[in-house]
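# Working through the structure, step by step
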Amino acid sequence: MLPKLFKDHYQKFPKEQAKALEKTAQQVLDLLKGSTMAMAWGMPTFYIGKDMVCHVEGFKNHNSYFPHSGEVIEACEKELAKYEITKGSVHFDLEKPLNKALLTKMIRVRVDQINQSYPKKNGEYIQYHKNGHMKVSGKYKSGLEHGKWEWFCPGGLTMHTGEYKNGKKVGLWINYNKLGKITSQKQY
């Protein structure tokens, strides 16, 4: 369910436009169950972890979807042929939500792009499932796994935890079942 902050924001638009914006934002939330939502640059915004995925905003003559990356627009060029696009946004009808198949593709392209942006220079490594829930989190040091690592199922529950020291498993490694209960442990 969309947060009150988003709903209140969209209510400043005419009724049918507000419905189209809310429906589009709800579709984003349905596709990105692991996302968080906040206002950024004055617009309703969806994040996975610290990474921005998109904004959904209304204007006087159109509604816009901002995929937060021009590369997303390039990757969906064929599907976007009937839409007005700018370098950083896709305009859609004032009174109709954005096409769900197109929205799905743009979100998947963006999640893949975010995944490809890791590891960061500081060694941080994160990967996300297509639904926005974290898939794996850890750190690299000198190109080797180092420190605490965690793996998660698409629903968000932890599957495995463990620690590396300079690329080698150390300490206690734990596996969990689909209900989050420990199934096995191994000391390294």
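Now for a look at the structure at hand. Small disclaimer: the values here were computed from a predicted structure and weren't measured.

Across its 17 residues, helix α4 (residues 100-116) extends 24 Å between first and last C-alpha, which sits within 8% of the 24 Å expected from 1.5 Å per residue. Within the span of α4, buried status applies to L102, L103, T104, M106, I107, R110, V111, Q113, I114 and N115. Put simply, N99 is the residue that caps the front of α4, since its side-chain oxygen is 3.0 Å from the backbone nitrogen of A101.

Turning to the pattern of salt bridges, a few remarks are in order. This structure, assessed with the given rule, holds five salt bridges. Measuring nitrogen to oxygen at the nearest pair gives 2.7 Å for the salt bridge that ties D8 to K4. Here K4 and D8 lie together in helix α1 (residues 4-10), a separation of four residues that amounts to about one turn. What makes D8 partly exposed here is its relative accessible area of 43%. Residue K4 is classed as exposed on the basis of its relative accessible area of 59%. With a shortest N-O distance of 2.7 Å, K105 and E79 are connected by a salt bridge. Separated by 26 residues along the polypeptide, K105 in helix α4 and E79 in the loop between α3 (70-75) and β5 (84-85) bring together distant segments of the chain. On the basis of relative accessibility, which here comes to 32%, the residue K105 falls in the partly exposed class. By relative accessible area, E79 is classed as partly exposed at 33%.

Following Y118, the chain continues to P119 via a peptide bond in cis, the omega torsion being 0°. Relative to the elements of secondary structure, P119 occurs in the loop between α4 and β7 (124-128). The phi dihedral of S142 is positive, around 55°, even though this residue is not glycine. Secondary-structure assignment places S142 in the loop between β8 (134-141) and β9 (144-145).

Let us look at the nonpolar core. Counting residues in hydrophobic clusters, the biggest one holds 39 residues, and the most contacted among them are V28, F46, Y65, L98 and M106. Broken down by secondary-structure element, the contributors of at least two residues to this core are α1, α2 (15-31), β2 (43-48), β3 (51-58), α3, β6 (90-92), α4 and β7. The residues touching Y65, leaving out its near neighbours within four places in the chain, are V28, C54, H55, V56, G88, S89, V90, F92, L98, L103, M106 and I107.

Each value, and the rule that gives it
Residues numbered from 1 in each chain as written. Predicted model: local features only at pLDDT ≥ 70, side-chain atom pairs only at ≥ 80, totals over all residues. Heavy atoms only, no water. Helix = DSSP H or I, 4+ residues; strand = E, 2+ residues; numbered from the N terminus. Expected span 1.5 Å × (residues − 1). Buried < 20%, exposed > 50% of the residue type's maximum accessible area, 1.4 Å probe, protein only. Polar contact = N/O pair within 3.5 Å; in protein donor to acceptor, adjacent residues only side chain to side chain. Salt bridge = Lys/Arg side-chain N within 4 Å of Asp/Glu carboxyl O. Core = buried A, V, L, I, M, F, W, Y, C linked by side-chain atoms within 4.5 Å. Contact = heavy atoms within 4.5 Å.

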